[in-house]
Amino acid sequence: MKGESQPPKWATRLLHWFCASHLVNDLEGDLLELFAQRVRKHGLRQARQRYVRDVFSLMRPFAFKKEPERYPKPVFSPPAMIRNYLKIAFRNLAKHKMFSFINVMGLSAGMTACFLIALYVHFELTYDAFNKKADRIYRVATDVQTNSETLRYSISPWAMASNMQNDFPEMEACARVRKEEMLFRKGDLKFVEENAVLADSTLFEVFDFKLLNGNPKTALMTPLSIVLTETSAQKYFGNKDPMGQTLLWGDQGELVTVTGVMQDPPVNSQIKGDMFVSMSTYTAHRDKNIEQEWGSFGATAFVLLKPGTDPATMEKKFPAFLQNHAGKMMAEQQMQIRMLLEPLRDIYLHSTRPADESGNINNVYVFSAVALFIMLIACINFVNLTTARSVERAREVGVRKAVGAARSTLARQFLAESIMMCVIAFLISVILSAALIPLFNELAGKSVSKGIIAELPFVAILLVAALLIGLLAGIYPAFVLSSFEPVKVLKGRFTTSAKGVMLRKGLVTVQFTISITMIIATIVVYTQLDFMRSHDLGFSKNQTLVIQSGVGRERDVFEASIMDLAGVRSATASAAVPGGLNPQAFSKLENKRGEMQAANLDVYRVDFDFITQYGLKIVAGRSFSKKFATDSTRALVINEAAAKMLGYATPGEAVGKQFDQWDRQGTIIGVVKNFHFKSLQENIKPLTFRLIDFWNGKLLSVQVDGKNVKQTLSAIENKWRTMHPDQPFSYYFLDEFYDRQYRADERFEALFLNFAVLAIFISCLGLLGLASYSTVQRTKEIGVRKVMGASAASIVTLLSGDFLQLIGIAFIIAAPLAWFAMDRWLDSFAYKTDIHLWTFIVAALLSALVALLTISFQSIRAALINPVKSLRSE
């Protein structure tokens, strides 16, 4: 070939540079043949271009040179070894399907439970954590001490906030909030908002609520201004801009102007509200003198301290501050006020003062322990089943060791299997968690999580935990299995050691100790809640409808209009009902020594029929009566606790004694038997009854016939809509309203029950695996026994007896532990049930029954098998 007809030399050199030596000659020859043909057919220029393109097209992996290897590649290079580990692990999983299923399902269930509980615990522990300045925010709580009692308030005097701002330069800002039920109207829309909040203009300075529209410094500055959340703005104004729009507020229909729109508060915030009305609407518009009152408590105050301020040092200044501003008032009213600062992050879980929303740190501890126990049970299953299978894998270990496998290699093999199983369990757990989060939110009664996508950090932690569990749970089986002596196992003289058997029995005992403890705890929680639901409260709450009916003549006219309805038995008005909030009044009552004893007493403002309709028993004196004109202004009824507080030995001694309360002076006319106007978690406190004024008593309790409740309710609603077309018909049933105090306990019961069932399920999975394994190992023994005349029943008893003994030992350990823990839990209730003996008997029988059902299938199947087959199999 002439020089000018040759392909580009640089392309040929490139081919020799990258192409493998055993291919380069053949490929170059082919390219040259093609080049020659193309020269003849297409010309030199095009042939050279195609030659270059063909060279570049050969730059593929198959043609590249490879680094010569100086030494032969070992049979087990790390990647190959890992592939080998995984391959054998998969084969073992597939070969032993039942054991694999039990292990993976147990781990998956345990991981899922831990994941969900971790979300719950994290949710509870991060209340108010969204506030970046949370470490400098404190709630100003107060203790009010009189000669009769010490009241622990989470609210503070109205006059406190403004005076603190003047006297404490270390305070950066102070914001007060007060949650109220308010009526709002816009056109045909009318809602009674239960989550309306009165708030100071400094709300957005103290807390990190995000204001989307409006000026955070002035949005709540002026009276009759309101900030809506995104949800409430959408509710009232749809897609229109709400800024500058107005709503009708309250019964008087005053105009409030929208001055801001904020992002919905986080779910785990103590301050939850849909509508935030400026505090000045109350302090400068409705009650202009309230800011001067030290004896009136109404709002919760939060202070933001300047960086570096020591709250303890600030608290030491409070006594002088109070003496300076409220000393005269405290002396006159024979009371002492003590102020203290509670860190914002501690309020939800650690404060025992009244709050709209509070948690329980003990519940957090309990569920954390439950999560650990469930995970422990799942890990015990894994270790138990793996070591139990040691005999089956003994020959494999012997062969591997005989051909040169080191102990460390075998240990890695078994660890790889363990970790792989945990990874599979992790994947299943993530799928289960994603599916169960909505149900878990419903069960917990709060939006603990928005979904698995929002919890990716927890998923990553779960993956790390899965790998760690796989490593830790696999260490013992790995070293047990890899320690077998090849000579013994290949000669068939290998048997499981006594230590191994004892270990498995010990682990099964631990599993069922935890499960039985949880069974007993669940029964105690259920009996306590049943006790609270069925306990005689001392008043009648059934078939009672409570309607927000307004006050004064408006209420009286409505009451009179429904009394003729067929299903209405009676009606009575009051300012509070059992289970709800009621005010406390500074009062002076004549005690046994004839002195006017000061106390802050709970007050029920009621009409003449309240005591009768609610079934309260008069134990001394009389109830209110229209026959006595002075009852409206000069009569007071107290409960037995109040009489006891005053030092009277019998209720009758209190009748006729003097009282002074909220501008009324007169005599005590009667004493009612104690009744539970609060939940059974609280002791019955001293309570006073006085007749309502014309401006209060907006709750109308209507006792209806239980036969036609729907029709009666519909008839009452029609009456309401006819008389008040511009106001919503708002009502609730008293029994449901009262029982909602126990919702947190009911949710605790439901969560505990579900996790207890899960713990038992996982324990039974392990027991099932061990029973199955034990049956297989004793096949020959069973065959011999049957040939010798043993009955099926005796075989079942033999196989079940060992496990039932373990359950019995577990019960002996669990019973005192459970009693101790649940006795402490019950101490948090003022009224509690006893821990009965039957609780332990039921737990013992239930655990034995569940265990027996779990292992009976394997035992019966082994007992019924033909002994010829059993012996042939050996």
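Residues numbered from 1 in each chain as written. Predicted model: local features only at pLDDT ≥ 70, side-chain atom pairs only at ≥ 80, totals over all residues. Heavy atoms only, no water.

1. Description of empty space enclosed by the protein
Okay, step 1: Applying the stated criterion to the full structure yields three cavities of 30 Å³ or more.
Okay, step 2: Estimates place the volume of the second largest cavity at around 40 Å³.
Okay, step 3: In terms of lining residues, the second largest cavity is bounded by F675, H676, F677, K678, S679, E682, N683, I684 and K685. (1 Å grid on protein atoms, 1.4 Å probe; cavity = no way out; pocket = protein on both sides within 12 Å on 5 of 7 lines; lining within 4 Å. Points joined across faces, edges and corners; volume = space filled by probe spheres on them.)

2. As for the UniProt feature "domain: MacB-like periplasmic core" (unreviewed entry) in the protein
Okay, step 1: Those places that UniProt annotates as "domain: MacB-like periplasmic core" (unreviewed entry) correspond, in this numbering, to residues 100-318 and 513-675.
Okay, step 2: A helix fraction of 29% and a strand fraction of 32% characterise residues 513-675, whose end C-alpha atoms lie 41 Å from each other. (UniProt positions renumbered as here; feature names shortened; annotations may be inferred. Helix = DSSP H or I, 4+ residues; strand = E, 2+ residues; numbered from the N terminus.)

3. A few points about the UniProt feature "transmembrane region" (unreviewed entry) in the protein
Okay, step 1: Under the local residue numbering, the UniProt record ascribes the feature "transmembrane region" (unreviewed entry) to residues 101-123, 364-385, 414-437, 457-481, 502-526, 751-771, 792-815 and 835-855.
Okay, step 2: End C-alpha atoms of residues 502-526 are separated by 36 Å, and the span's content is 100% helix alongside 0% strand.
Okay, step 3: Note that residues 835-855 is 90% helix and 0% strand, and that its end C-alpha atoms are spaced 31 Å apart.

4. A closer look at the pattern of salt bridges
Okay, step 1: Counting across every chain of the model gives 22 salt bridges.
Okay, step 2: Residue R38 is joined to D54 by a salt bridge in which the shortest nitrogen-to-oxygen separation is 2.7 Å. Taken as a pair, R38 in helix 2 (residues 21-42) and D54 in helix 3 (residues 44-57) lie far apart in primary sequence, 16 residues in all.
Okay, step 3: Between K446 and E124 there is a salt bridge; the shortest N-O distance is 3.0 Å. A residue pair is termed long-range when its members are at least 10 positions apart, and K446 in the loop between helix 15 (407-444) and helix 16 (456-482) and E124 in helix 5 (residues 97-125) qualify at 322 residues. Like K446, the residue E124 is buried in the burial classification.
Okay, step 4: Salt bridges linked by common partners bring R139, D143, R338, E342 and R353 together as one network. (Salt bridge = Lys/Arg side-chain N within 4 Å of Asp/Glu carboxyl O. Buried < 20%, exposed > 50% of the residue type's maximum accessible area, 1.4 Å probe, protein only.)

5. A few points about the side chain of N591
Okay, step 1: Residue position: N591 is located in the loop between strand 15 (584-590) and strand 16 (596-606).
Okay, step 2: Judged by relative accessible area, which is 2%, N591 ranks as buried.
Okay, step 3: At a separation of 3.1 Å, a polar atom in the side chain of N591 contacts the side chain of Q597.
Okay, step 4: What N591 contacts, discounting residues up to four positions off in sequence, is Q597, L646 and Y648. (Polar contact = N/O pair within 3.5 Å; in protein donor to acceptor, adjacent residues only side chain to side chain. Contact = heavy atoms within 4.5 Å.)

6. Thoughts on unusual backbone geometry
Okay, step 1: Although it is not a glycine, W662 adopts a positive phi angle of roughly 45°.
Okay, step 2: Looking at where W662 falls in the secondary structure, it is placed in the loop between strand 19 (658-661) and strand 20 (664-672).

7. Here we look at the nonpolar core
Inside soluble globular proteins, nonpolar side chains tend to come together where they are buried.
Okay, step 1: Core analysis: the largest hydrophobic core is formed by 123 residues, its most contacted members being M111, F115, F624, F689 and F755.
Okay, step 2: Among the elements that take part in this core, helix 5 stands out by supplying 15 residues, more than any other.
Okay, step 3: Counting residues in each nonpolar core, the second largest holds 30 residues, with Y138, M160, M314 and F318 among its members. (Core = buried A, V, L, I, M, F, W, Y, C linked by side-chain atoms within 4.5 Å.)

8. Description of the packing of helix 26 (residues 779-787) against helix 27 (residues 792-826)
Okay, step 1: The interhelical angle for the contact between helix 26 and helix 27, taken along N-to-C directions, is 150°, at an axis separation of 10 Å. When the axes of helix 26 and helix 27 are compared, the pair comes out roughly antiparallel. Here the hand of the crossing between helix 26 and helix 27 comes out right-handed. Of the residues in helix 27, those touching helix 26 at E781, I782, R785 and K786 are I795, L798 and L799.
Okay, step 2: Considering only residue class, the contact of helix 26 with helix 27 consists of four nonpolar, no polar and three charged. (Axes fitted to C-alpha atoms, helices over the stretch in contact; angles between N-to-C directions. Parallel < 35°, antiparallel > 145°, perpendicular 65-115°, else oblique. Left-handed = near helix turned anticlockwise from the far one by under 90°. Nonpolar A, V, L, I, M, F, W, Y, C, P; charged D, E, K, R; others polar.)

9. Some remarks on the pairing of strand 5 (residues 189-199)
In summary, the side chains of a regular strand alternate between the two faces of the sheet.
Okay, step 1: Where strand 4 (residues 171-186) and strand 5 come together, nine bridges link them in antiparallel fashion. Opposite V177, over in strand 5, you have A199 as the bridge partner.
Okay, step 2: In this structure, the hairpin formed by strand 4 and strand 5 is closed by a connection of two residues, where G187 is found at a positive phi of approximately 60°. (Pairing = 2+ DSSP bridges.)

10. Focus on the environment of K186
Okay, step 1: One can find K186 in strand 4.
Okay, step 2: As for K186 and L247, which are separated by 61 residues in sequence, their C-alpha atoms are 5.5 Å apart.
Okay, step 3: Ignoring any residue separated from it by four or fewer positions in sequence, one finds K186 in contact with Y236, F237 and L247.

11. Notes on the packing of aromatic side chains
Okay, step 1: Under the counting rule described, the total for this entry stands at 35 aromatic pairs.
Okay, step 2: Ring geometry for F35 against Y51: centres 5.9 Å apart, planes inclined by 75°, an arrangement best described as edge-to-face. In this pair, F35 is assigned in helix 2 and Y51 in helix 3, connecting sequence segments 16 residues apart.
Okay, step 3: Overall, Y51 belongs to the buried group, its relative accessible area being 1%.
Okay, step 4: By the ring-pair criterion, three or more aromatic residues cluster together here, those being F539, Y604, F610, Y614, F675, F677, F689 and Y738.
Okay, step 5: Taking the ring centre of F191 as reference, the NZ or CZ of K235 above it sits at 4.1 Å. (Phe/Tyr/Trp six-rings, centres within 6.5 Å; stacked < 30°, edge-to-face > 60°. Lys NZ or Arg CZ within 6 Å of the ring centre and 35° of its normal.)

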